[in-house]
Structures are given as structure tokens and as C-alpha cells.
Amino acid sequence: MTTGSADSPATLYGPVSLFLGVIALVAAVFAGFVGIAIPLLSGSLAVTFGFLGLGRGLGRGLCAAGLLTGGMGVLYPVILVAA
């Protein structure tokens, strides 16, 4: 059973997850200036694409990094608002 071809759009889950995770993390650091909507939206998309990529088994390192940065990008503003 194959996990997907090299031409499949699923190969982009890892890089997209990492990109959105980095955007979420940078926006979370500057949450006082840009608000919390950008890190929450891009972080949740990064986590979603990371889980989809891990499920497909393509680009596992990038997906894991996207999960980590996206999760931190979501949790950081939430913790700041809660405090």
C-alpha cells in the first residue's frame, strides 16, 4: 500500500503547516500590535495541516515542526489573555 505519490497535493501539508506555524508564532509575539485573531487562525490551520500530514506519513519532520510552532502560536496569546 502506498502513502501517496510525489506529485500529490498532500506533500504540501508539511511545508504549509510549518509556514503557518511560524506566522502564528511571530504574530503571537506581537499580539499586542496585531491582535490575537491572526495567531489563533494561522496556528489552528497549522495544527490541522500538521495532523493531516502526519496521518498521510509525508514530510513528518515538517509536520511535527508545524504542529509545535502552531500549538505555541495558539497557546501563547490564550495564556496571555487568561493571565
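Right above here is the structure, for reference.
Residues numbered from 1 in each chain as written. Predicted model: local features only at pLDDT ≥ 70, side-chain atom pairs only at ≥ 80, totals over all residues. Heavy atoms only, no water.

Caption draft 1: Seen up close, helix α1 (residues 13-29). The first and last C-alpha atoms of α1 sit 24 Å apart over 17 residues, in line with the 24 Å expected at 1.5 Å per residue. Of all the residues in α1, the buried ones are Tyr-13, Gly-14, Ser-17, Leu-20, Gly-21, Ala-24, Ala-27 and Ala-28. The buried residues of α1 occupy an angular sector of 165° when projected down its axis, which confines them to one face. When the buried face of α1 is taken as reference, the exposed residues oriented beyond 90 degrees from it are Phe-19 and Val-29. Against the buried residues of α1 lie α2 (31-34), α3 (37-56) and α4 (60-82). (Helix = DSSP H or I, 4+ residues; strand = E, 2+ residues; numbered from the N terminus. Expected span 1.5 Å × (residues − 1). Buried < 20%, exposed > 50% of the residue type's maximum accessible area, 1.4 Å probe, protein only. Arc of directions from axis to C-beta. Contact = heavy atoms within 4.5 Å.)

Caption draft 2: Layout of the packing of α3 against α4. At a minimum axis separation of 8 Å, α3 and α4 run at an interaxial angle of 150°. On the basis of their axis angle, the class for α3 and α4 is roughly antiparallel. In the crossing of α3 with α4, the sense of the turn from one axis to the other is left-handed. Touching Pro-39, Leu-40, Gly-43, Ser-44, Ala-46, Val-47, Phe-49, Gly-50, Phe-51, Gly-53 and Leu-54 of α3 are Arg-60, Cys-63, Gly-66, Leu-67, Gly-70, Gly-71, Gly-73, Val-74, Pro-77 and Val-78, all from α4. Looking at the contact of α3 with α4 residue by residue, the class counts come to twelve nonpolar, eight polar and one charged. (Axes fitted to C-alpha atoms, helices over the stretch in contact; angles between N-to-C directions. Parallel < 35°, antiparallel > 145°, perpendicular 65-115°, else oblique. Left-handed = near helix turned anticlockwise from the far one by under 90°. Nonpolar A, V, L, I, M, F, W, Y, C, P; charged D, E, K, R; others polar.)

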